Amino acid sequence: MAQERSALLLHRQLGELMKNPVEGFSAGLIDDDDIYKWEVLIIGPPDTLFEGGFFKAHLYFPKDYPLKPPKMKFISDVWHPNIDKNGDVCISILHEPGDDKYGYEKANERWLPIHTVETILLSVISMLADPNDESPANVDAAKDWRENPAEFKKKVARCVRKSQEE
Amino acid sequence: MAEEGTLHYDPDKNYDEETLAQQRIIEKQIAGTQDFVTERLDFSVLEQEYAEDPVYIKKVRSLKSKYLCLRKTRGDGNCFYRAFGFAYFEKLLEDQEEFNRFRDVASKSKDVLVSLGFPQFTIEDFHDTFMEVVDKVGSQCPLEELHKIFNDQGYSDYLVVYLRLLVSGHLQKEADFFSNFVEGDRTIKEFCNQEVEPMGKESDHIHIIALTAVTGVSVRVEYMDRGGETTNAHDFPDGSTPKIALLYRPGHYDILYT
């Protein structure tokens, strides 16, 4: 029951995104037979270090979506404080509300059942432009970003170039 | 987890994931032992629960003098919504006039939410499911079917989400009034995002006031806690004639029947 419902909703969301694309990303399925696994292409936001890049990422939806959030993983290399070295995106909107273990994430940015693929990706795009270095998933990237902007810029530029070749 | 008094922090470990995994195990354990909404139960279940507790036993007796039986709900933070939803829909099965009133309110509620800025796309999904169940009630489906719907997680959680959205919408619509009752320096919008819309967040007076106001359904809550000799009834809104009765024990709501 819960499964049919989430599949139906994901089909509708995908159809809607195909019909009315949202600026900044495009979305499709990894495998046409599995509605729970999406592939998205995020365009590096203009006027940021990521401008010019095309970053591929996967979204994995649980069967009880939208009650529970999907997981997101970048397939392209992205040097960013909130994306860990395996590509896993660590952003509060993809986490369920709960008591904040470290007290760094405001609960109002947490997962809500009314969020959609669009609201998730818009948050991720804004995260690219504006890293949150209080809760880094990639500690080295956070350190670069804070203490050595030139190095950070160089590593990001490398990711952007690489993403253009993929 | 860490040993007593020491915290071995491993930077390569994802603690958030670990907490969530543990939370899911606990959820599963609860799910295995307790329906979302039980059958009607005799008060002896409460007497057994409090066999060693003279204060509560006295209160169970006072409840028994006012009510026939109860249904328990699962303690997953959604119990108020689930108890309210089930008790009221059960009532609607035998009250066509009240059903007609409520169906109208429920059917218009989507546009109200959309006008408040909720995304139409997602609201529609929850609203459609909510109305599907409302119409089942309208067709006077057997009580067993309603009971089954409320114990089917797919349906049941969708109903809870929609009731939460109704509460959130009402609080935001009447933000000027309700902002006086929100603790801390949070806006109503923040309060709704943190304490109303997320699943599993428990309900307080402000949620009950909002849900009874937006649905037009009066509720009696019998408060059973440590103080006093008997349970204390409170009607929402004050002075109204309640359609349903709920039992409140600290942190939890169940359904009462007269």
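The structure displayed is predicted, hence computed values, not measured ones.

1. Here we look at the environment of T231 of chain B
Residue and element names in this part refer to chain B.
So, point 1. Here T231 shows up in the loop between β2 (219-223) and β3 (232-236).
So, point 2. A sequence separation of 171 residues divides T231 from V60, and the C-alpha atoms of the two residues are 8.2 Å apart.
So, point 3. With residues up to four places along the chain from it excluded, the contact list for T231 reads K59, S62, L63, K66, E222, Y223 and M224.

2. Observations regarding the UniProt feature "active site" (unreviewed entry) in chain A
Residues and elements named next belong to chain A.
So, point 1. Following the UniProt record, the feature "active site" (unreviewed entry) maps to C90 here.
So, point 2. Relative to the helices and strands, C90 is located in the loop between β4 (71-74) and α2 (117-129).
So, point 3. The class for C90 is partly exposed, based on a relative accessible area of 25%.
So, point 4. Dropping the residues within four chain positions of it, C90 is found in contact with N82, H95 and A137.

3. With respect to empty space enclosed by the protein
Where empty space is left can be seen by rolling a probe of water-molecule size over the atoms.
Residues and elements named next belong to chain B.
So, point 1. Applying the stated rule across the entire model yields three cavities of 30 Å³ or more.
So, point 2. In this structure, the largest cavity occupies an estimated 40 Å³ of space.
So, point 3. Forming the boundary of the largest cavity are F84, G85, Y88, F89, F102, F130, L163 and T215.
So, point 4. Per-element tally for the lining of the largest cavity: the top contributor is helix α4 (residues 79-92), with four residues.

4. Details of the sheet that holds strand β2 (residues 37-43) of chain A
Residues and elements named next belong to chain A.
So, point 1. Spatially, β1-β2-β3-β4 is the arrangement adopted by the four strands of the open sheet, whose pairing is antiparallel. Edge positions in the sheet fall to β1 (25-29) and β4, since each has one partner strand and no second. Between one strand and the next, the sheet's axes are offset by a mean angle of 25°, whatever the strand orientation.
So, point 2. Across seven bridges, β2 lies against strand β3 (residues 54-60) in antiparallel orientation. Among the inter-strand pairings, L41 is bridged to a residue of β3, identified as K56.
So, point 3. Relative to β2, α2 is tilted by about 40°, and along the sheet it contacts β1, β2, β3 and β4.

5. Here we look at the nonpolar core
So, point 1. Grouped together as the largest cluster of nonpolar side chains are 107 residues, with contacts concentrated most on W38, I42, M72 and F74 of chain A together with F89, F130 and L171 of chain B.
So, point 2. Broken down by element, the residue count for this core peaks at 11 residues, all from helix α8 (residues 153-173) of chain B.
So, point 3. If we skip the residues at most four places from it in the chain, M72 of chain A touches V40, I42, A57, H58, L59, G87, D88, V89, L94, L121 and V124 of chain A.
So, point 4. By size, the runner-up hydrophobic cluster in this structure holds 13 residues, among which are Y56, L63, Y67 and L247 of chain B.

Parameters at a glance
- Residues numbered from 1 in each chain as written.
- Chains lettered and ligands numbered in written order.
- Predicted model: local features only at pLDDT ≥ 70, side-chain atom pairs only at ≥ 80, totals over all residues.
- Heavy atoms only, no water.
- Helix = DSSP H or I, 4+ residues; strand = E, 2+ residues; numbered from the N terminus.
- Contact = heavy atoms within 4.5 Å.
- UniProt positions renumbered as here; feature names shortened; annotations may be inferred.
- Buried < 20%, exposed > 50% of the residue type's maximum accessible area, 1.4 Å probe, protein only.
- 1 Å grid on protein atoms, 1.4 Å probe; cavity = no way out; pocket = protein on both sides within 12 Å on 5 of 7 lines; lining within 4 Å.
- Points joined across faces, edges and corners; volume = space filled by probe spheres on them.
- Pairing = 2+ DSSP bridges.
- Axes fitted to C-alpha atoms, helices over the stretch in contact; angles between N-to-C directions.
- Core = buried A, V, L, I, M, F, W, Y, C linked by side-chain atoms within 4.5 Å.

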